[in-house]
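Chain by chain, the residues run as shown.
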Amino acid sequence: MSASGREVVLGVGAGIAAYKACDVVRRLQDHGFLVTVVPTPSSLNFVGAATWEALSGREVATQVWENIPGVAHVRLAQEADFILIAPATADLISRLAQGRADDLLTNVVLASGAPIMVVPAMHPHMWTNPGTMENVQMLRSRGFTILDPDIGRLTGPDVGVGRFPDTARIIENFEGMVGTTADLLGRKILITAGGTREPIDAVRYIGNRSSGKQGFAIAQAAFARGADVELIAANCPDLEIEGVHITRVETTQEMQTVLEARFDLCDILVMCAAVADAKPAYVHEGKLSKEEYTSISLIKNPDLLAEMSSRRREGQVLVGFAAETQDHLESARAKMERKGVDILYVNDVTGGAIFGSDITSGTILTRSGGKMEVNDAAKDTLADVLLDHVLFQLG
Ligand code: PMT
């Protein structure tokens, strides 16, 4: 399983419809999938490796004998979240049914536990041949999703069942198998994660316990739903999410600079970060001695969420978080009004709860008075539920 949750191996069999699979690569990418093309060796007679490399932006191999130390079949099998084989010839279907491993693609299929969808394309006599039908049946019984071919004009004068389906039908079925819809496709989402730190001197800072887990979970979920995601990460672990642009910051002022530059371009802002409300009035250049380190005078940081809200344009959706230890709902409703957000997730962080955990509990409040309890949910789950609320607000 990949970090993005959207890694697809696109297997290409040796049929003339291979040229139509070029469009499938592009549409998968449009839907937020990251595609590695694994053609069968003979399919290169129809479409060459250079085309697949140019379209996918990734290296292409057809045999296990290429890049031996990289153990490509195992790596690809482990990283693939989904496998789509389009087009699949009668021969390729037969090899898959027999569990053979005579090229890179069939090796990857055998080594992977990912859901697999097969899109056959061939002459009607080959498709209706009992041998092919039995193989298709066998693959279906093993959990493969096999898309029935279209009926229509084939290569040459013949007409019948066996035609490669339209890209739109393939993508629709593939999305169905994957179980997500790209419902945030074309939307730009800006997310903050982690906690800002305010330096006191050369070695000390004022900070908080945020790990960034919740913000990263939202970024990953939004990317999986097709959004164009930008994450501003304050003092988070050095993790990457493939496909997500991450800007790393330390202080509130650095976060403010990035937010101010990016906010106007986004459709959705999710302020999950724990932003320091105040900072030392003066940052000592060196390390303060024990004798000097007695009191710190603080000045207020700007309220970033309130600032963004004051300059929002119509149609932008703003999501805030509230970390409370008492009078949660009352304080949260007041915060929601003050900061001008559409959706607010309030969590009780008494004793440092929620921070750093994989689980969260709290209440989702909406501007229109909506309220939803979240009890012991994974942070990934909350991410999706919040994005559902965002979609509703976007209309
Ligand atoms: O990162 P994790 O370990 O996964 O933990 C998740 C979390 C506990 C950090 C998260 O669930 C959470 O509660 N985040 C918000 C923490 C917080 O700063 O709450 P607040 O009540 O102080 O702020 C309210 C809102 O205003 C927040 O959206 C905050 O980003 C924003 N804010 C706050 C202060 C400030 N100066 N500027 C702001 O924009």
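Calculation notes
Residues numbered from 1 in each chain as written. Predicted model: local features only at pLDDT ≥ 70, side-chain atom pairs only at ≥ 80, totals over all residues. Heavy atoms only, no water. Pairing = 2+ DSSP bridges. Helix = DSSP H or I, 4+ residues; strand = E, 2+ residues; numbered from the N terminus. Near = heavy atom within 4 Å. Areas by Shrake-Rupley, 256 points an atom, 1.4 Å probe, with all protein chains shown as cover. 1 Å grid on protein atoms, 1.4 Å probe; cavity = no way out; pocket = protein on both sides within 12 Å on 5 of 7 lines; lining within 4 Å. Sits in = over half its atoms within 2 Å of the grid points. Nonpolar A, V, L, I, M, F, W, Y, C, P; charged D, E, K, R; others polar. Buried < 20%, exposed > 50% of the residue type's maximum accessible area, 1.4 Å probe, protein only. Contact = heavy atoms within 4.5 Å. Axes fitted to C-alpha atoms, helices over the stretch in contact; angles between N-to-C directions. Parallel < 35°, antiparallel > 145°, perpendicular 65-115°, else oblique. Left-handed = near helix turned anticlockwise from the far one by under 90°. Core = buried A, V, L, I, M, F, W, Y, C linked by side-chain atoms within 4.5 Å. Right-handed = clockwise from strand over helix to strand, strands pointing away.

A. Molecular detail of the pairing of strand β6 (residues 150-153). Bridge count for β6 against strand β7 (residues 159-163) is four bridges, and the pairing is antiparallel. When the sheet's bridge partners are listed, I151 is paired in β7 with V161. Connecting β6 to the antiparallel partner β7 that follows it, the hairpin turn spans five residues, and G156 within it adopts a positive phi of roughly 85°.

B. Geometry of the site of the ligand. Surrounding the ligand, one finds 27 residues, the nearest of these being S210, S211, A273, K335 and N347. Relative to its free-state accessible area of 780 Å², the ligand is covered by the protein chains to the extent of 96%. Assessed atom by atom at 2 Å from the grid points, the ligand resides in the largest pocket. Elements with a contribution of two residues or more to the shell around the ligand: α9 (213-224), α11 (304-310), β16 (317-324) and α12 (328-339). Among the elements that take part in the shell around the ligand, β16 stands out by supplying four residues, more than any other. For the shell around the ligand, the class distribution of residues is 14 nonpolar, seven polar and six charged.

C. Spatial organisation of the environment of A72. Here A72 lies in helix α3 (residues 72-79). Judged by its relative accessible area of 11%, A72 falls in the buried class. Considered as a pair, A72 and I116 are 44 residues apart in the sequence and their alpha carbons are 18 Å apart. Every residue in contact with A72, bar those within four places of it in the chain, is listed here: A77 and L104.

D. Up close: the sheet that holds strand β12 (residues 245-249). Taken together, eight strands build an open sheet; the order of strands is β12-β11-β8-β13-β16-β17-β18-β19 and the sheet is mixed. What marks the edges here is a single partner per strand, and that holds for β12 and β19 (371-378). Averaged over all adjacent pairs, the angle separating strand axes in this sheet is 15°, with direction ignored. Across five bridges, strand β11 (residues 228-234) lies against β12 in parallel orientation. Residue pairing across strands places E230 opposite H245, the latter belonging to β12.

E. Seen up close, the packing of α3 against helix α5 (residues 104-111). α5 packs onto α3 with a crossing angle of 50° between their chain directions and a minimal axis gap of 8 Å. With respect to their mutual orientation, α3 and α5 come out oblique. Note on packing geometry: the crossing formed by α3 with α5 is right-handed. For the pair α3 and α5, contact is made by A72, H73, L76 and A77 and by L104, N107, V108 and A111, respectively. Looking at the contact of α3 with α5 residue by residue, the classes come out as six nonpolar, two polar and no charged.

F. Layout of the nonpolar core. If you look at the biggest cluster of nonpolar residues, it comprises 38 residues, and the most contacted ones within it are I189 and V229. Breaking this core down by element, the ones donating at least two residues are β8 (188-194), α9, β11, β13 (268-271), β16, β17 (343-348), β19 and α13 (379-394). Setting aside anything within four residues of it in sequence, one finds I189 in contact with A222, A227, D228, V229, E230, I268, V270 and L387. Membership of the second largest hydrophobic core comes to 30 residues, among which are A18, F33, F164 and V178.

G. Structural view of the pairing of β16. When you tally the buried positions in β16, you get seven out of eight residues, the bulk of the element. Across four bridges, the pairing between β13 and β16 is parallel. Its bridge partner lying in β16, L269 is registered against L318. Judged from the six bridges that link them, β16 and β17 form a sheet pairing that is parallel. In the sheet register, E324 faces β17, and the bridge partner there is D348. The parallel pair β16 and β17, bridged by α12, forms a crossover whose chirality is right-handed.

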